[in-house]
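Fold and contact review
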Amino acid sequence: MRRLPLRLLRSAASALRGPAATHGGFPATPALHPAAAAATLSSPSPADLSRWPQRRGYSQFASGFTPLKPKPLGSIIDVERAKGLSPEHLVAAWDDYHLGRGHIGASMKTKLYHLLEQRSSTCRHFVIPLWKGSGYTTMFMQVQMPYMIFTGLEDYKARGTQASPYYTVTHYTEFAETKDTVLIRGDVVFTSKLTDSEAKTLLETAHSFYLNDVRYRLVERFNKEAHEFEFRDVLQVLDMPTM
């Protein structure tokens, strides 16, 4: 596919207009739900997640998300110009823009986005093992579309609602109806915790658990039948060794 020149996309300087509120040198963190606050701080193995208390009475996280100041789509691309592009050329330009910028660019079809939106409305949380070197680290995710937030499970258990996000994802629906395309942008907050490659893998894996019928059953179990959830089942579907 022919790549478009990046004239379509606004300069990085204009994209950084209007700095977000900060906390300790990083964007102010959203309030993650307090489900794990009651878990022991002795950091049980992932398989012990089935002993966590039932996930009820979560605080809404959208209000806490505001300080992150997700960038409007118009601060990243020239929306009016993009309207004249084919879906294929729009996706190509979006992908080109994010290469090497410390951000993740992706896209999905509108039908898949609506399925993700529907399923995440009742199943907002999940745990995903991310392979790093000779082992894996477990990430805790919270979803309230169009946003996803990822943090380390150990940080979440230790800090609860004060846990800082390692990685945030925004889904842009401006072209969902006209081009059957939802643009996706991932921002790595802590580059010491995640590389761009790991962030891309994490996003793809998260989407797969919500969009694949077999994998989604594990998400439902984690959210609705916690006493039956086994982390080893997640490892198994990802072909990761149990440790």
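For the structure itself, consult the block above.
Note that the structure is predicted; figures quoted are calculated from it, not measured.

If you tally the helices and strands in the protein chain, you get ten helices and eight strands. For the protein chain, with 243 residues in total, the buried portion stands at 48%. In the protein chain, 68% of the contacts between residues at least 6 apart in sequence involve partners at least 24 apart. Here the protein chain displays about 11,900 Å² of accessible surface, and carbon together with sulfur accounts for 51% of that area.

Here the structure, examined in full by the defined rule, presents ten salt bridges. With its nearest N and O atoms 3.4 Å apart, the salt bridge here joins Lys157 to Glu154. Residue Lys157 and its partner Glu154 are both found in helix H6 (residues 153–159); the two are separated by three residues, about one turn of the helix. Take Glu154: its relative accessible area is 39%, and that puts it in the partly exposed class.

Further remarks concern the packing of helix H8 (residues 196–211) against helix H9 (residues 213–224). Put simply, H8 and H9 touch, their axes get as near as 5 Å, and they point 90° apart. Classed by the angle they form, the pair H8 and H9 counts as roughly perpendicular. Together, Ser208, Phe209, Tyr210 and Leu211 of H8 and Asp213, Arg215, Tyr216, Leu218 and Val219 of H9 make up the contact between the two elements. Across the contact of H8 with H9, the residue classes tally to six nonpolar, one polar and two charged.

On to the environment of Ser107. With respect to the element layout, Ser107 can be found in strand S3 (residues 103–108). A residue is classified by how much of its surface remains accessible, and Ser107, at 32% relative accessible area, is partly exposed. Considering only alpha carbons, one finds Ser107 and Val91, 16 residues apart in sequence, at a separation of 6.9 Å. If sequence neighbours within four positions are ignored, Ser107 has contacts with Val91, Thr181, Val182, Leu183 and Ile184.

Here we come to the sheet that holds strand S7 (residues 167–172). Taken in spatial order, the six strands make up an open sheet running S3-S8-S7-S6-S5-S4, and their pairing is antiparallel. The outermost strands of the open sheet, each flanked by one partner alone, are S3 and strand S4 (125–132). The mean angle between the axes of side-by-side strands here comes to 25°, regardless of whether they run parallel or antiparallel. Relative to strand S6 (residues 147–152), strand S5 (residues 135–144) runs antiparallel, the two sharing six bridges. Paired with Phe140 across the two strands is Thr151, which belongs to S6. Running at roughly 165° to S3, helix H4 (residues 87–98) makes contact with S3, S7 and strand S8 (182–188) of the sheet. Of the strands in this sheet, S3, S5, S6, S7 and S8 are in contact with helix H5 (residues 110–120), which crosses S3 at around 105°.

It is worth spelling out the nonpolar core at this point. With 48 residues, the main nonpolar core has Phe126, Met141, Phe150, Tyr167 and Tyr210 as its most contacted residues. Here this core takes seven residues from H8, the largest share from any one element. Tyr210 has contacts with Leu116, Arg119, Ser120, Cys123, Arg124, His125, Phe126, Met141, Val143, Tyr216 and Val219, leaving out every residue within four places of it along the chain.

Turning our attention to unusual backbone geometry. Residue Pro146 follows Met145 across a cis peptide bond; omega there is 15°. With respect to the helices, strands and loops of the structure, Pro146 is situated in the loop between S5 and S6. Residues other than glycine seldom take positive phi values, yet Asp180 does so here, at roughly 50°. The residue Asp180 is located in the loop between helix H7 (176–179) and S8 in this model. Unlike most non-glycine residues, Asp239 shows phi in positive territory, near 55°. By relative accessible area, Asp239 is classed as exposed at 72%.

With that out of the way, let us pick up the packing of aromatic side chains. The final tally for this structure, using the stated rule, is ten aromatic pairs. Between Phe126 and Phe222, the aromatic rings sit 5.8 Å apart at their centres with planes inclined by 85°, giving edge-to-face as the arrangement. In this pair, Phe126 sits in strand S4 while Phe222 sits in helix H9, placing the two residues 96 residues apart along the sequence. Both residues of the pair, Phe126 and Phe222, belong to the buried class. Members of the aromatic cluster, connected to one another through ring pairs, are Phe126, Phe209, Phe222 and Phe229. A cation sits over an aromatic face here: Arg119 above Tyr216, 4.5 Å from the ring centre. The aromatic ring of Phe209 is capped on one face by Arg215, whose charged end is 5.3 Å from the ring centroid.

Conventions adopted
- Residues numbered from 1 in each chain as written.
- Predicted model: local features only at pLDDT ≥ 70, side-chain atom pairs only at ≥ 80, totals over all residues.
- Heavy atoms only, no water.
- Helix = DSSP H or I, 4+ residues; strand = E, 2+ residues; numbered from the N terminus.
- Buried < 20%, exposed > 50% of the residue type's maximum accessible area, 1.4 Å probe, protein only.
- Contact = heavy atoms within 4.5 Å.
- Areas by Shrake-Rupley, 256 points an atom, 1.4 Å probe, with all protein chains shown as cover.
- Salt bridge = Lys/Arg side-chain N within 4 Å of Asp/Glu carboxyl O.
- Axes fitted to C-alpha atoms, helices over the stretch in contact; angles between N-to-C directions.
- Parallel < 35°, antiparallel > 145°, perpendicular 65-115°, else oblique.
- Nonpolar A, V, L, I, M, F, W, Y, C, P; charged D, E, K, R; others polar.
- Pairing = 2+ DSSP bridges.
- Core = buried A, V, L, I, M, F, W, Y, C linked by side-chain atoms within 4.5 Å.
- Phe/Tyr/Trp six-rings, centres within 6.5 Å; stacked < 30°, edge-to-face > 60°.
- Lys NZ or Arg CZ within 6 Å of the ring centre and 35° of its normal.

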